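Fold and geometry: a report
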Amino acid sequence: MDNKRRFENVLFVGPNYTIGKGGISTVLKVYRDNVGNFNFFSSTNFQSNFTEVLTLPLTLLRFIVYLLRNNNISIIHIHGSSRGSFVRKYLFFIISKYLFRKKVVYHIHSGEYHLYYQNSANYVKKRIKQFVENADLIIVLSKQWELFFKEKFDIKNIHVLNNLVSPNQNKTNINFEEGINFLYLGKLAKTKGIFDLVEAVDKNKEFFREKNGKVLLGGTGEVEALKSKIDDKGLSDVVEYVGWVSGEKKEALFLKSHILILPSYNEGLPISILEGMSYGMPIISTPVGGIPEVVKNGKNGFLHAAGNSLELGDFMIRFLRNNELIIELGKNSKLEIENFYPKPILKRLDNFYSELF
């Protein structure tokens, strides 16, 4: 069946993927490119949280008008995370479920939903339970997250659905002549292990220089703190911050890099890892969230304990010493990623929709 599928009766709700910088936006772009008649309503339209809060009532009013004008919509597929994202999506859920009597799919992407629920006030916990337990379908990104939600909530219907990534055919050969590049793409924050990564490089900086190894960092977040740490450690020749990247610049980084690194403390199923695998890159990451379901230790990458910069550094050194290991594990990544391409994912999603009726 053609993966340009038609979901005429489904409305996707999520962040504005044309300006968004997170993993959900990246996933939504792939849906847009592979779903015929992609119906979408943007839940966020500004980079500023303050502006987003001020305009939320108007956004919700626009959503009501949209549903009044589009009677064909039967399913509202809400893509969300935790914290502020939850608050916004909860309001979309209330309107969809109780005002318009639509079927609601709650697609949870957060890697810290357990922490958000655990640390929330009782009033917020009640709202979370209402949303999770009354949605017609909960979609999570891994078996580990499925277990969490089944243990914490009385859920009627829950399924695991892989994040999807577009196949990549552009990386046809691997060139080591100019050295070996490690690539990090994501939020620049302690919980993503970005400072552990700098520590790991610092402990092995002379070997990096000897082997012409380099770490490229792309993303937004604690930029100044990251730059200061790189300067303080004297690593500007080994670690380079390249800013937020997308489009052609992002593709160029994947094409020039050899290993994808994401040393996170918490995750759902990181799109950067899936993208790295689609480019035939081995992965260095941590055994959190859905990562162990896609990164098989010793087969297409290595997993180290979150926060363990020594172990992280050891794995980086292993790749710097062995080009053939990069090639071998990269080929395995390419094989592992096939189940995350649009055609099988959309076929499975279509089956979920059918179950709702």
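Above this text is the structure in question.
Residues numbered from 1 in each chain as written. Predicted model: local features only at pLDDT ≥ 70, side-chain atom pairs only at ≥ 80, totals over all residues. Heavy atoms only, no water.

What follows deals with the overall build of the chain. Along the chain, the regular secondary structure elements total 14 helices and 14 strands. Relative to a compact globule of 357 residues, whose C-alpha radius of gyration would be 21 Å, the chain shows 21 Å and is just as compact. Seen along its three principal axes, the alpha-carbon backbone of the chain occupies a region of about 65 × 45 × 35 Å. A total of 357 residues make up the chain; the buried ones form 57% of that total. In the chain, the proportion of contacts linking residues at least 24 apart, taken out of those at least 6 apart, comes to 72%. When the accessible area of the chain is evaluated, it comes to approximately 15,900 Å², of which 49% is carbon and sulfur surface. Within the chain, the 36 negative side-chain charges are centred at a point lying 8 Å from the centre of the 47 positive side-chain charges. (Helix = DSSP H or I, 4+ residues; strand = E, 2+ residues; numbered from the N terminus. Rg over C-alpha atoms; globule rule 2.2 N^0.38 Å. Buried < 20%, exposed > 50% of the residue type's maximum accessible area, 1.4 Å probe, protein only. Contact = heavy atoms within 4.5 Å. Areas by Shrake-Rupley, 256 points an atom, 1.4 Å probe, with all protein chains shown as cover. Lys, Arg positive; Asp, Glu negative; His and termini not counted. Charge placed at Lys NZ, Arg CZ, Asp CG, Glu CD.)

Right, let's get into the nonpolar core. Ranked by size, the top nonpolar core spans 85 residues in total, and within it Tyr 31, Phe 182, Leu 197 and Met 316 carry the most contacts. Each residue touching Tyr 31, except ones within four places of it in the same chain, is listed here: Phe 12, Phe 38, His 79, His 107, Leu 161, Leu 164, Ile 345, Leu 346 and Leu 349. Counting residues in hydrophobic clusters, the runner-up holds 36 residues, among them Leu 60, Ile 95, Val 104 and Tyr 117. (Core = buried A, V, L, I, M, F, W, Y, C linked by side-chain atoms within 4.5 Å.)

A few words now on the packing of helix H7 (residues 194-203) against helix H12 (residues 309-321). The geometry of H7 relative to H12 is characterised by a closest axis approach of 8 Å and an angle of 60° between their N-to-C directions. Judged by the inter-axis angle, H7 sits oblique to H12. In this structure, H7 meets H12 at a crossing whose hand is right-handed. Taken together, the residues of H12 that come into contact with H7 (itself represented by Asp 196, Leu 197, Glu 199, Ala 200, Val 201 and Lys 203) are Ser 309, Leu 310, Leu 312, Gly 313 and Met 316. (Axes fitted to C-alpha atoms, helices over the stretch in contact; angles between N-to-C directions. Parallel < 35°, antiparallel > 145°, perpendicular 65-115°, else oblique. Left-handed = near helix turned anticlockwise from the far one by under 90°.)

On the surface, Leu 58, Leu 61 and Val 65 cluster together to form a nonpolar patch covering roughly 260 Å² of accessible area. Within the secondary structure, Leu 61 is located in helix H2 (residues 49-69). (Patch = residues over 30% accessible without salt bridge, like charges linked within 9 Å, V, L, I, M, F, W, Y side chains within 5 Å. Salt bridge = Lys/Arg side-chain N within 4 Å of Asp/Glu carboxyl O.)

The description of two helices packed together rests on the angle between their axes and the distance between the axes. Contact geometry for H12 and helix H13 (residues 323-336): axes closest at 5 Å, N-to-C directions at 105°. The orientation of H12 with respect to H13, classified from their angle, is roughly perpendicular. Every residue of H13 that contacts H12 at Arg 318, Phe 319 and Arg 321 is listed here: Asn 323, Leu 325, Ile 326 and Leu 329. Within the contact of H12 with H13, the residues separate by chemical class into four nonpolar, one polar and two charged. (Nonpolar A, V, L, I, M, F, W, Y, C, P; charged D, E, K, R; others polar.)

Turning to the pattern of salt bridges, a few remarks are in order. It is possible for side chains bearing opposite charge to pair when their charged atoms get close. For the structure shown, the criterion picks out 16 salt bridges. Lys 233 serves as the salt-bridge partner of Glu 199, at 3.6 Å between the closest nitrogen and oxygen. With a gap of 34 residues between them, Glu 199 in helix H7 and Lys 233 in the loop between helix H9 (223-232) and strand S11 (239-243) connect regions that are remote in the sequence.

Spatial ordering of the open sheet is given by S4-S2-S5-S6-S7-S8, a layout of six strands whose pairing is parallel. Bordering the open sheet on either side are strand S4 (39-44) and strand S8 (158-160), each of which pairs with just one other strand. Mean inter-strand twist for the sheet, computed between neighbouring axes without regard to direction, equals 20°. Where strand S2 (residues 10-15) meets strand S5 (residues 75-80), four bridges bridge the pair, whose relative direction is parallel. (Pairing = 2+ DSSP bridges.)

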